[in-house]
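What follows is each chain in one-letter form.
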Amino acid sequence: MTKFIAEESFWQLFPDAAIGIIVARSLKGAADVSEEDAAAIASLLAEANRAADRHLTSNTTSQNEVVRVWREAYQQFKTKKGARCSIENLLKRVLKGNPVGSITPSVDIYNAISLKYALPVGGEDIDSFVGDFRLGITEGGDAFLPIGEDAEDPTLPGELCYRDDEGAVCRCWNWRDGQRSALTDDSENAILVMECVDPARRADLDAALDEFAALMERYLGAHIVERTIVDRAHPEVVIA
């Protein structure tokens, strides 16, 4: 049995946070997605890039409310210099007229949801985990090989990160994924994670999770075995 566990060290910092969890099994590989469905996913992503404008009331990225709450959150724990919430990086591209492009069908879907709802979204290959998948403050030194890099970049003491018994999975909460657990074109079983630090946006989180799960079912043939929201009263869920 494998669990996702948001540890007490996380709730001490963010008692009102909510984390959406979807466990999707039997995903189609990228090569098995039809040309028609691939085009539909690309269209969803293009529309989400346009829809993201409704969250942007300022041309200064950090002054937009959906980014400001994350800037404040990142001040609560140790981060690597320059680390920013994933949604800030996506919205910055929209502001600069450089829309988020296609990567793989699964990643395109979660980027589309992230842009549409202005919530950070990520996904990991469940089959890569060693032990439970945890979110909490680390003592540092967790092994981590970032996507696209050749050198290890271990966690810092006091950093908030996702990790398992093998090392870090995602640095600085939702800043950067590692190669070991990243979704690939051939991943079959995924955990999809969506974070919300603004209690006023809990309804947005619910709606985003529902749409996310429906898209994974429709286009990737996913069998959704779990769709839930983790909060302080319910800090863990079985994922495998």
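In what follows, the structure referred to is the one given above.
Here the structure is a predicted model, which means the values were calculated and not measured.

Cut-off values and rules
- Residues numbered from 1 in each chain as written.
- Predicted model: local features only at pLDDT ≥ 70, side-chain atom pairs only at ≥ 80, totals over all residues.
- Heavy atoms only, no water.
- Salt bridge = Lys/Arg side-chain N within 4 Å of Asp/Glu carboxyl O.
- Helix = DSSP H or I, 4+ residues; strand = E, 2+ residues; numbered from the N terminus.
- Buried < 20%, exposed > 50% of the residue type's maximum accessible area, 1.4 Å probe, protein only.
- Axes fitted to C-alpha atoms, helices over the stretch in contact; angles between N-to-C directions.
- Parallel < 35°, antiparallel > 145°, perpendicular 65-115°, else oblique.
- Contact = heavy atoms within 4.5 Å.
- Expected span 1.5 Å × (residues − 1).
- Arc of directions from axis to C-beta.
- 1 Å grid on protein atoms, 1.4 Å probe; cavity = no way out; pocket = protein on both sides within 12 Å on 5 of 7 lines; lining within 4 Å.
- Points joined across faces, edges and corners; volume = space filled by probe spheres on them.
- Nonpolar A, V, L, I, M, F, W, Y, C, P; charged D, E, K, R; others polar.
- Phe/Tyr/Trp six-rings, centres within 6.5 Å; stacked < 30°, edge-to-face > 60°.

> What is the right way to read the pattern of salt bridges from this model?
Close approach of charged atoms allows side chains with opposite charge to pair. The final tally for this structure, using the stated rule, is 20 salt bridges. Here Asp 153 ties to Lys 80 by a salt bridge, and the two come within 2.5 Å at their closest N and O atoms. In this pair, Asp 153 is assigned in the loop between β4 (133-137) and β5 (160-163) and Lys 80 in the loop between α3 (65-74) and α4 (86-95), connecting sequence segments 73 residues apart. Of the residues examined, Lys 80 reaches a relative accessible area of 30% and is grouped as partly exposed. The salt bridge partner of Arg 176 is Glu 149, with a shortest N-O separation of 3.2 Å. Separated by 27 residues along the polypeptide, Arg 176 in strand β7 (residues 176-177) and Glu 149 in the loop between β4 and β5 bring together distant segments of the chain. For Arg 176, a relative accessible area of 25% gives the class partly exposed. Here Glu 149 falls in the partly exposed class, since its relative accessible area comes to 36%. Shared partners join several salt bridges into a network, and the residues in it are Glu 7, Arg 134, Arg 163 and Asp 165.

> Help me out: how do you make sense of the packing of α4 against helix α5 (residues 105-117) in this one?
It is at 10 Å that the axes of α4 and α5 come closest, and there the two elements cross at 80°. What the angle tells us is that α4 and α5 run roughly perpendicular. Facing α4, whose interface residues are Ile 87, Leu 90, Leu 91 and Val 94, α5 presents Asn 111, Ser 114 and Leu 115.

> Looking at this structure, how should I read helix α6 (residues 202-220)?
Along an α-helix, a turn takes 3.6 residues, which lines up residues three or four apart on a common side. Over its 19 residues, α6 runs 26 Å from end to end, which matches the ideal 27 Å to within 8%, given 1.5 Å per residue. Of all the positions in α6, only Leu 205, Ala 208, Leu 209, Phe 212, Ala 213, Leu 215, Met 216, Tyr 219 and Leu 220 are classed as buried. Looking straight down α6, one finds that the buried residues subtend no more than 165° of arc, so they occupy a single side. Pointing more than 90 degrees away from the buried face of α6 are the exposed residues Ala 203 and Arg 218.

> Mind showing me how you'd approach the layout of surface pockets here?
Using a probe with the size of a water molecule, rolled over the atoms, empty space left in the structure can be pinpointed. Reported here for the largest pocket is a volume of approximately 740 Å³. Listing elements by their share of the lining of the largest pocket, those giving two or more residues are α4, α5, β3 (121-125), β6 (168-171), β7 and β8 (190-196). Residue composition of the lining of the largest pocket, by class: 16 nonpolar, nine polar and five charged. Here the second largest pocket defines a volume of roughly 160 Å³. Leu 13, Phe 14, Pro 15, Asp 16, Ala 17, Val 69, Glu 72, Ala 73, Gln 76, Val 197 and Asp 198 are the residues that line the second largest pocket. Here the lining of the second largest pocket takes three residues from α3, the largest share from any one element.

> How should the packing of aromatic side chains be read in this particular structure?
Here a ring pair, both rings aromatic, is described through the centre-centre distance and the interplanar angle of the planes. Scanning the model with the defined rule gives 12 aromatic pairs in all. Centre to centre, the rings of Phe 14 and Phe 77 are 6.5 Å apart; their planes meet at 80°, and the pair counts as edge-to-face. Pair noted here: Phe 14 is in the loop between α1 (8-13) and β2 (18-25) and Phe 77 is in the loop between α3 and α4, with a separation of 63 residues, a long-range link. For the pair Phe 14 and Phe 77, a shared accessibility class is recorded, and that class is buried. Three or more aromatic residues joined by ring pairs make a cluster, and in this case those are Phe 10, Trp 11, Phe 14, Trp 70, Tyr 74, Phe 77 and Trp 173.

Function-wise, these values are silent; they only describe arrangement.
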